Amino acid sequence: MSVDLTPSSPPPSSSPSSPPSPSAEPFLRPGPPRTRAWIAMYHSVADPTDDPYRITVSPDRLAAQLRWLRRRGLRGVSMRQLLDACARGQERDLVGLTFDDGYRDFVDEALPLLRSHDCSATLFVLPGRLDGDNAWDPLGPRKPLLGAAGIRRAAEYGMEIASHGLTHVDLTQADDRLLRREVSDSRAALNELTGTDVQGFCYPYGHVDERVAAAVRDAGYRYACAISPGPLSGVLALPRVHIGQSDTAPRLRLKLWTNRLRHRTLDRAAVTSAVTG
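From a predicted model like this one, the values you see are computed outputs, not experimental measurements. All residue numbers here refer to positions counted from 1 along the written sequence of the relevant chain. Reporting of local features is limited, given that this is a predicted model, to residues whose pLDDT is at least 70; pairs of side-chain atoms are given and counted only at 80 or more, and all residues count toward the totals for whole chains, interfaces and linings. As a rule here, side-chain values cover all heavy atoms of the structure and leave hydrogens and water aside.

Explain the overall build of the protein here, please?
A run of H or I in DSSP counts as a helix once it spans at least four residues, and a run of E counts as a strand once it spans at least two, with each numbered from the N terminus. For the protein, the helix and strand inventory stands at 8 helices and 10 strands. Between buried and exposed lies partly exposed: a residue is buried under 20% and exposed over 50% of the maximum accessible area for its type, with that area taken using a 1.4 Å probe on protein chains only. A total of 277 residues make up the protein; the buried ones form 52% of that total. Contacts are assigned to residue pairs that have any heavy atoms within 4.5 Å of one another. In the protein, 67% of the contacts between residues at least 6 apart in sequence involve partners at least 24 apart. All accessibility values rest on the Shrake-Rupley procedure with a 1.4 Å probe; residue burial counts only the protein chains present in the view. Within the structure as shown, the protein displays about 12,400 Å² of accessible surface, and the carbon and sulfur contribution to it stands at 51%.

Below, the structure written as structure tokens:
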């Protein structure tokens, strides 16, 4: 499997006529062409009134957002489906839907809405916190997380299960031992729990650097999602667009437009390489 982690612009010492040094591979490569496909980032689907982080959407708002996508001829799909379609050049009418943290309300609230709108999604879960809560959020209310049964149920209904690490720590601040545990052990645990080959990873807090991305690559993940990955790009540093309670139709249109202006879309060449390489 070949992976790109491409800076948004070449380093000062490089030139178009000189290839990157061997030590820079595979992180420094010319920027590949981009598609129009983008990735939405959700978290909890519940009552959003007590949420200082603004990461909760109500079921009614999620339903309205999914209707908005469908009226525009778009369909929300899991990351696995989106990357496969992108590799075939068939991603035009697709949007990646991702839900971070593995809240229990995904099965109770989001799953029925996704199915009713013929959508799928990727659910990033924490196998080290099964049936736990969001203890990493000091200001917000405690929210229950899915256990093994809930994760299996989501998978049975066509949702992709992927890793958010074991316990939701900032991996850029972790030592090498903790980094390997959070990345590799979480994949092994989810492989066993779901009986499938877990392919996706999501960086807790959206924080990623080259060391962390390399650990994700070495653990065998096919792709990884961030938020705003800074100078990194490619299939292991996919940018996403936060979707919240305030995102009505006008704001969604604006986000779609600005997302494309900022080139926060998929890199077709990197995706194709990861799928077919």
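Explain helix α6 (residues 210-218) here, please?
Each full turn of the α-helix corresponds to 3.6 residues, which orients residues three or four apart in the same direction. Listing the buried residues of α6 in full gives V212, A213, A214, A215 and V216. A 3.5 Å cut-off defines polar contacts: any pair of N or O atoms within that distance qualifies, except that in protein one atom must be a possible hydrogen donor and the other a possible acceptor, and neighbouring residues in sequence count only when both atoms are side-chain atoms. Where α6 starts, the residue carrying a side-chain oxygen 3.3 Å from the main-chain nitrogen of R211 turns out to be D209. Two residues or fewer after α6 comes G220, characterised by a positive phi angle close to 95°.

What should I look at first to understand the packing of helix α3 (residues 105-116) against helix α4 (residues 148-156) in this one?
The axes of two packed helices give the description: the angle between them and the distance between them. Relative orientation of the contacting elements α3 and α4 amounts to 15°, with a least axis distance of 10 Å. Viewed along their axes, α3 and α4 adopt a mutual orientation that is roughly parallel. Where α3 crosses over α4, the two elements pack in a sense that is left-handed. Contact residues: α3 offers F106, V107 and L111, while α4 offers G150, R153 and A154. Classifying every residue of the contact of α3 with α4 gives 4 nonpolar, 1 polar and 1 charged. Lines fitted to C-alpha atoms define the axes here, with helix axes fitted over just the stretch in contact, and angles between the N-to-C directions of these axes take values from 0 to 180 degrees. Orientation categories follow fixed angle ranges, with anything under 35 degrees roughly parallel, anything over 145 roughly antiparallel, 65 to 115 roughly perpendicular, and all other angles oblique. Crossings are classed by handedness, with left-handed meaning an anticlockwise turn of the near helix from the far one by less than a right angle and right-handed meaning a clockwise turn. Polar here means any residue other than Ala, Val, Leu, Ile, Met, Phe, Trp, Tyr, Cys and Pro, which are nonpolar, and Asp, Glu, Lys and Arg, which are charged; Gly is therefore polar.

I tried to follow the side chain of Q65 on my own but got confused; where do I start?
Looking at the element boundaries, Q65 is found in helix α1 (residues 59-71). Among the polar contacts made by the side chain of Q65, one reaches the main-chain carbonyl oxygen of G244 at a distance of 3.1 Å. Every residue in contact with Q65, bar those within four places of it in the chain, is listed here: Y42, I243, G244, D247 and L252.

Which parts of the structure should I look at to understand the pairing of strand β6 (residues 122-125)?
One face of the sheet, then the other: side chains in a regular strand alternate in exactly this way. Residues T122 and F124 line one face of β6 and the alternating positions L123 and V125 line the opposite face, and both faces are buried. Only strands that DSSP links by at least two bridges are regarded as paired with each other. Sheet topology note: the β6/strand β7 (residues 160-163) ladder contains 4 bridges and is parallel. Residue pairing for β7: L123 is matched across the bridge by I161.

Explain the confidence of the model for the protein to me, please; I cannot follow it from the model alone.
Predicted coordinates in areas of low pLDDT are best not read in detail. Here the protein shows a mean pLDDT of 86. Residues at 70 or above account for 82%. Contacts for the low-pLDDT stretch residues 1-33, under 50 throughout, to residues beyond four places or in other chains number 55 contacts. Here pLDDT means the predictor's own confidence in every residue, given as a number from 0 to 100.

I keep staring at the side chain of Q199 and nothing clicks. Help me out?
Here Q199 is to be found in the loop between α5 (176-194) and β8 (200-202). Q199 sits in the buried class, given a relative accessible area of 15%. Residues in contact with Q199, not counting those within four places in the same chain, are R80, Y221, R222 and Y223.

I'm lost on the pattern of salt bridges in this one. Help?
Any two side chains of opposite charge can pair, given that their charged atoms come close. Salt bridge, as used here: a side-chain nitrogen of Lys or Arg that lies within 4 Å of a carboxyl oxygen of Asp or Glu. As enumerated under the stated definition, the model contains 11 salt bridges in all. For D218, the salt bridge identified is with R217, shortest N-O distance 3.1 Å. Classification of R217 by relative accessible area gives partly exposed; the value is 25%. Overlapping salt bridges bring together R70, R75 and D118 as one network.

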